[in-house]
Amino acid sequence: MFSPTYLLSSSCLYVLLVLLSCFYGGFSSAPTKIGKGYRLISAEETPDGGFLGHLQVKQKNNIYGPDIPLLQLYVKHETGDRLRVHITDAEKQRWEVPYNLLPREQPPALKQTIGRSRKNPLTVSELAGSELIFSFIADPFSFAVKRKSNGQTLFNSSSGGSDSFGEMVFKDQYLEISTQLPKDASLYGLGENTQPHGIKLYPNDPYTLYTTDVSAINLNTDLYGSHPVYMDLRNVGGQPFAHAVLLLNSNGMDVFYRGNSLTYKIIGGVFDFYFFSGPTPLGFVDQYTSFIGRPAPMPYWSLGFHQCRWGYHNLSVVEDVVENYRKAQIPLDVIWNDDDHMDGHKDFTLNPVNYPRPKLLAFLDRIHSRGMKYIVIIDPGIGVNSSYGVYQRGIANDVFIKYDGEPYLAQVWPGAVNFPDFLNPNTVAWWGDEVRRFHELVPVDGLWIDMNEASNFCSGKCTIPKGKQCPSGTGPGWICCLDCKNITKTRWDDPPYKINASGLQIPIGFKTIATSAVHYNGVLEYDAHSLYGFSQAIATHKALQGLEGKRPFILSRSTYVGSGKYAAHWTGDNKGTWEDLKYSITTVLNFGMFGVPMVGADICGFYPAPTEELCNRWIEVGAFYPFSRDHANYYSPRQELYQWKTVTKSAQNALGMRYKLLPYLYTLNYLAHTSGAPIARPLFFSFPAYKECYGLSTQFLLGSSLMVSPVLEKGKTSVKALFPPGSWYSLFDMTQTIVSKGQYFTLDAPLHVVNVHRTPYYQCSKEE
């Protein structure tokens, strides 16, 4: 949902970024080197075949705080194609992504006594697995990961006197580590952000990971999800090799990619690296999702077309929308409600006037009898209201995040709210009970969890004002009306290193939960912030699956590593512009690599009003998103596909083909669940040796061999499309064949035509 108080125009953001880059040194300037790093002082083999070492700081300094003097290093080849490198404080337990949220092997317990350095310490050593080799230099400590088959260095943290980066740094609130890179490496990932340069990471663009309710119209900005993983694709003598690197850390971080190096700057947690050997892109996602969790198997109906709008003020409007789609002969499988169905924007309620339960149940009976489904939104903020049963039961079960021992007070659409703490087992049980109660009230077919970064219309420590209504009921609902004071007294609210939050280095507690607020068992919001949407998705999935035992459908805005095991995703608040249409392809392809294959963008844009031509072209792309939904803003004119005759025709054509492909899409959904293979993929997934498609972001594949080549520019009636080597058949007219040696072709594309081609070359490959 839209939060205009936290929206920055792209032009305004660009100017501010330029000014800040001058003031702060920017993302492209020479890095500041901090300290002399660590030395290895002890090393031993562990009973499980791993490697355990201890690192001692060489020279202390106080830049961004004192160094942690002694670190524990643990290395293990967990599988033939996965290597783990874990570095933490050797003497005190530090925050890590909870092992119950993302199940994985535990590193060895911290030792009470640690052996000191030998007279002749090792200077070089190796630990070889079947696919990867780990090696290290003892002083100053650095490590490298190589591919066993050809000796190629995949990761090398040694600065080697380089100007690009310094030695490893490990402080309580500032961790830094880097790797050398060959200049011809093609990197992908490190999201969620809107990447204007396409799917390949672009040197010196900012890559900040911290979940934030910033509209997706803002470029190169940390958005709703945090996925600290990248894939590196290299072409060596015409032979492709892909590998991937995951840094499993939920704290805020900046990642500086300079072309020949990549540097992580993180404000907490540990170094917990996982290296995946590939060597193909499909091999990487198979290995990656085997570790983080296979994507959820989606119900068949979710592959149909969905319609939503914030602003369906009453049930009769929703009924008219369904009927108008039927009259226009445009397929529609799922109708959605934003918060219009709620009583005063409160979760798990119905507006008794605009959505009376008897009439809503009768409507659902009608659409369910036709095979259609109904989904509604739920925001995490629970309205503070003594007559509201959901809130009362939440207080009774002590389920909310705390500040100074009391539920942390924030403001979202209902007004004053408290946020459930999904790290608390009591909260998970309470949430499941509320979902059950609501399902008995309204038999919804899925849930849409939004605003879960978490979004807050206020900042700091707030109280409910006395003597005035909040919100007033007039004017925009997103204006903060609580009495609030900034919180700067703790190092969690004002950390020494400022990540590039929202592209503007704003305080990390701005318009979200205060970072010194406390979760279950004393966990700080500072550490757990980016896990909020992930933990809510897990609780929601458990609740829905417990109702009927069926595959749940959940759509989540905020995501983290592993979210695809529980939820689908959409790309958030986009604009109805040609540029945003292009950006949507990159984000959809990125999420496939992140292990969230059920993904799509708001077709025709969330706001403002799209042009008729743009909506024509957008449905020709959106009909082939894995998750295909038209969604619009409260303040935008209506943009259902039947609103224009031309768009109706384009929708009939493009969606008609999608519905013919439903068995194919369902098969891809199954393959995603069993192997992680993305539904929508970049062309290099099927043609990794063909370097021309490494940066291609204007075309995409469904599965291994179905290629969509849409029109993405105003006024165009043809499209220049790259065809990898092979024979390609038009899906709309199989008599039209293109035989390519690997070249561009200009294709006719009048207003109602989208070019979709199939090559038989890969149709018998093992992933399909």
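Within each chain, residue numbers correspond to sequence positions counted from 1 in written order. In keeping with the model being predicted, local features are shown solely for residues with a pLDDT of at least 70 and side-chain atom pairs are shown and tallied solely at 80 or more, while totals for entire chains, interfaces and linings include all residues. For the side-chain quantities, the full set of heavy atoms in the structure was used; hydrogens and water were omitted.

> I'd like to hear about the overall build of the protein, residue by residue, with values.
Each helix is a run of DSSP H or I of at least 4 residues and each strand a run of E of at least 2, with the numbering of both proceeding from the N terminus. Within the protein one finds 12 helices and 41 strands. The atom set for the radius of gyration is the C-alpha atoms, and the globule formula is 2.2 Å times the number of residues raised to the power 0.38. Relative to the compact-globule value of 27 Å for 768 residues, the protein shows a C-alpha radius of gyration of 26 Å, a close match. Seen along its three principal axes, the alpha-carbon backbone of the protein occupies a region of about 85 × 75 × 50 Å. Across the 768 residues that make up the protein, the buried fraction comes to 64%. Here a residue-residue contact requires only that any non-hydrogen atoms of the pair lie within 4.5 Å. Long-range contacts, defined as pairs at least 24 residues apart, comprise 71% of the intrachain contacts of the protein with a sequence gap of at least 6. For the accessible areas, the method is Shrake-Rupley and the probe is 1.4 Å, while residue cover comes only from the protein chains on display. When the accessible surface of the protein is split by element, carbon and sulfur atoms take 52% of a total near 27200 Å². In the protein, the 68 positive side-chain charges and the 68 negative ones have mean positions that sit 2 Å from each other. Think of it in three bands: residues with accessible area under 20% of the maximum for their type are buried, residues over 50% are exposed, and the middle band is partly exposed, with areas taken using a 1.4 Å probe on protein chains only. A residue counts as positive if it is Lys or Arg and as negative if it is Asp or Glu; His and the chain ends are not included. Charged groups are reduced to one reference atom each: NZ for lysine, CZ for arginine, CG for aspartic acid, CD for glutamic acid.

> Any details on the pairing of strand S11 (residues 186-191)? Residues and values, ideally.
With six of its six residues buried, S11 lies for the most part within the structure. At least two DSSP bridges between two strands are needed for those strands to be called paired. One ladder, built from five bridges, connects S11 with strand S13 (residues 227-236); its direction is antiparallel. Each bridged residue has a counterpart across the sheet, and for serine 186 the counterpart in S13 is leucine 233.

> Go over the packing of aromatic side chains with me, naming the residues and quoting the values.
Ring pairs are drawn from Phe, Tyr and Trp, using the six-membered ring of Trp, whenever the two centres fall within 6.5 Å, and their geometry is named by plane angle: stacked under 30 degrees, edge-to-face over 60, tilted for the rest. Throughout the structure, instances matching the rule amount to 57 aromatic pairs. Every member of this aromatic cluster is reached through a ring pair, and the members are Phe51, Phe134, Phe136, Phe141, Phe143, Phe155, Phe170, Tyr264, Phe271, Phe273 and Phe275. Above the face of the tyrosine 99 ring, arginine 104 is positioned so that its terminal group lies 3.7 Å from the ring centre. Working rule: Lys NZ or Arg CZ, within 6 Å of ring centre, within 35 degrees of ring normal, means a charge sits over the ring.

> Help me get a handle on the nonpolar core, residues and values and all.
For our purposes a nonpolar core is just a set of buried Ala, Val, Leu, Ile, Met, Phe, Trp, Tyr and Cys residues, chained together by side-chain atoms within 4.5 Å. By size, the foremost hydrophobic cluster in this structure holds 179 residues, and its most contacted members are Leu246, Phe419, Phe553, Phe624, Leu641, Phe684 and Leu702. With near-sequence residues (within four places) excluded, phenylalanine 419 lies in contact with Pro380, Gly381, Val399, Phe400, Ile401, Tyr408, Ala410, Val412, Ala454, Ser455, Ile513 and Tyr532. Val57, Phe155, Leu187 and Leu201 belong to the second-largest nonpolar core, a separate cluster that totals 45 residues.

> Outline helix H4 (residues 357-369), listing residues and values.
Taking 1.5 Å of rise per residue, 13 residues should cover 18 Å, and H4 covers 18 Å from first to last C-alpha, within 8% of that figure. Taken together, the buried positions of H4 are occupied by Leu360, Phe363, Leu364 and Ile367. Seen end-on, H4 carries its buried residues on one side only, within an arc spanning 100°. Exposed side of H4, more than 90 degrees from the buried face: Pro358, Asp365 and Ser369 are the residues found there. Helix span, as expected, comes to 1.5 Å for every residue beyond the first. What the arc describes is the spread of directions from the helix axis to the C-beta atoms.

> Quick one: what's the story with the state of the cysteines, residue by residue and with numbers?
Working definition: the covalent bond between the sulfur atoms of two cysteines is a disulfide. Here, the term disulfide refers to a pair of cysteine sulfur atoms separated by no more than 2.5 Å. Under the counting rule described, the total for this entry stands at four disulfides. Counting only the cysteines that take part in disulfides, in the order they occur along the protein, gives the pairing 1-4, 2-6, 3-5, 7-8.

> Please give an account of the sheet that holds strand S14 (residues 239-247) that cites residues and values.
Pairing between sheet strands relies on hydrogen bonds along the backbone, with the strands arranged either parallel or antiparallel. Spatially, S1-S2-S3-S4-S17-S14-S13-S11 is the arrangement adopted by the eight strands of the open sheet, whose pairing is antiparallel. Of all the strands in the sheet, just strand S1 (38-45) and S11 have a single pairing partner and so form its edges. Going from strand to strand, the sheet's axes swing by 15° on average, the running direction of each strand aside. Alignment of S13 against S14, held across eight bridges, turns out to be antiparallel. Its bridge partner being in S14, arginine 234 is matched across the sheet by phenylalanine 241. The angle between two axes is taken between their N-to-C directions and runs from 0 to 180 degrees, where each axis is a line fitted to C-alpha atoms and a helix contributes only its stretch in contact.

> Let's hear about unusual backbone geometry: which residues, and what values?
With glycine set apart, most residues show a phi of negative sign, and most peptide bonds adopt trans. Here the bond from aspartate 139 into proline 140 is cis, since omega is -10°, no more than 30 degrees from zero. Among the structural elements, proline 140 can be located in the loop between strand S6 (132-137) and strand S7 (142-147). Look at tyrosine 64: it is not a glycine, yet its phi comes out positive at around 65°. Here asparagine 521, not a glycine, exhibits a phi torsion of approximately 60°, which is positive. If you trace the backbone, asparagine 521 turns up in the loop between strand S28 (483-485) and helix H7 (525-528).

> Which residues make up the pairing of strand S2 (residues 51-57), and what values go with them?
Working note: regular strand, side chains alternate between the two faces of the sheet. The buried fraction of S2 amounts to six of the seven residues, a majority that puts the element mostly inside the structure. Pairing of S1 with S2, which is carried by seven bridges, proceeds in the antiparallel orientation. Considered in S2, the bridge of leucine 40 is made with leucine 55. Here S1 folds back onto S2, and the loop between the two strands holds five residues, one of which, glycine 49, carries a positive phi near 85°.

> Could you give an account of the sheet that holds strand S38 (residues 726-730), with specific residues and numbers?
If you walk across this open sheet you meet the six strands as S34-S35-S36-S41-S38-S39, and the pairing is antiparallel. Because the sheet does not close on itself, it has two edges, and the strands there are strand S34 (680-681) and strand S39 (737-740). In the sheet, S38 pairs with S39 via four bridges, with the strands oriented antiparallel. By the bridge assignment for S39, tyrosine 729 is matched with threonine 737.

> How would you explain the pattern of salt bridges if you had to name every residue and give the values?
When a carboxyl oxygen of Asp or Glu is within 4 Å of a side-chain nitrogen of Lys or Arg, the pair counts as a salt bridge. All told, the structure shown has 27 salt bridges when counted by the stated rule. A salt bridge links aspartate 213 to arginine 557; the shortest N-O distance between them is 3.3 Å. With a gap of 344 residues between them, aspartate 213 in the loop between strand S12 (206-209) and S13 and arginine 557 in the loop between strand S29 (554-556) and strand S30 (568-570) connect regions that are remote in the sequence. In terms of burial, aspartate 213 and arginine 557 fall into one category: buried. Where arginine 436 meets aspartate 433, a salt bridge forms, and the shortest distance between an N and an O atom there is 2.6 Å. Of this pair, arginine 436 and aspartate 433 are both found in helix H6 (residues 425-441), three residues apart, which corresponds to roughly one turn of the helix. With a relative accessible area of 24%, aspartate 433 lands in the partly exposed category. Each of Glu78, Arg82, Arg84 and Asp272 takes part in one network of salt bridges that share partners.

> Outline the environment of leucine 55, listing residues and values.
Residue placement: leucine 55 occurs in strand S2. Here the alpha-carbon distance between leucine 55 and alanine 539, two residues 484 residues apart in the chain, equals 39 Å. Not counting the four nearest positions on each side in its chain, leucine 55 is found in contact with Tyr38, Arg39, Leu40, Pro69, Leu70, Leu71, Leu73, Ile87, Phe141 and Met168.

> Describe the domain arrangement of the protein, naming the residues involved and giving the relevant values.
Those domain boundaries reflect an automatic or database domain assignment. Along its sequence, the protein is carved into domain 1 (38-292), domain 2 (300-651) and domain 3 (682-758). One C-alpha centre belongs to domain 1, the other to domain 2, and the line joining them spans 33 Å. Facing the 56 residues of domain 1 at the interface are 53 residues of domain 2. Here domain 1 and domain 2 share an interface that buries about 4600 Å² over both sides, 61% of which is from carbon and sulfur atoms. Where domain 1 touches domain 2, the interface holds two salt bridges. Put simply, arginine 491 and aspartate 172 hold a salt bridge, and the shortest N to O gap is 2.6 Å. Whenever a nitrogen or oxygen atom comes within 3.5 Å of another N or O atom, the pair is scored as a polar contact, on the condition that within protein one atom can donate a hydrogen and the other can accept it, and that pairs from neighbouring residues in sequence are kept only if both atoms are in side chains. The interface formed by domain 1 and domain 2 includes 27 residue pairs in polar contact (both at pLDDT 80 or more). Take the accessible area each of two parts loses on contact, using a 1.4 Å probe, and add the two losses: that sum is the buried area.

> Give a detailed account of the environment of proline 299, specifying residues and quantitative values.
Mapped onto the elements of the fold, proline 299 is located in the loop between helix H2 (281-292) and strand S18 (305-307). It is 22 Å that separates the C-alpha atoms of proline 299 and leucine 701, two residues lying 402 residues apart in sequence. Discounting chain neighbours no more than four positions away, the residues touching proline 299 are Arg551, Pro552 and Phe553.

> So what's going on with the packing of helix H5 (residues 389-396) against H6? Which residues, and what values?
Interhelical geometry of H5 versus H6 gives an angle of 160° and a closest axis separation of 11 Å. Put simply, H5 runs roughly antiparallel to H6. The interaxial crossing formed by H5 with H6 has right-handed handedness. In contact with Val390, Arg393 and Gly394 of H5, H6 contributes Trp430, Glu434 and Arg437. Three classes are used, and their members are as follows: Ala, Val, Leu, Ile, Met, Phe, Trp, Tyr, Cys and Pro are nonpolar, Asp, Glu, Lys and Arg are charged, and the others, Gly among them, are polar. Split into classes, the residues belonging to the contact of H5 with H6 amount to two nonpolar, one polar and three charged. Here roughly perpendicular refers to angles of 65 to 115 degrees, roughly parallel to angles under 35, roughly antiparallel to angles over 145, and oblique to all remaining angles. In a left-handed crossing the near helix is turned counterclockwise from the far helix by less than a right angle, and in a right-handed crossing that turn is clockwise.

> Outline the side chain of serine 530, listing residues and values.
Tracing the chain through its elements places serine 530 in the loop between H7 and helix H8 (532-548). Serine 530 gets classed as buried once you look at its relative accessible area, which sits at 0%. Within the structure, the side chain of serine 530 is placed 3.3 Å from the backbone nitrogen of threonine 211, a separation counted as a polar contact.

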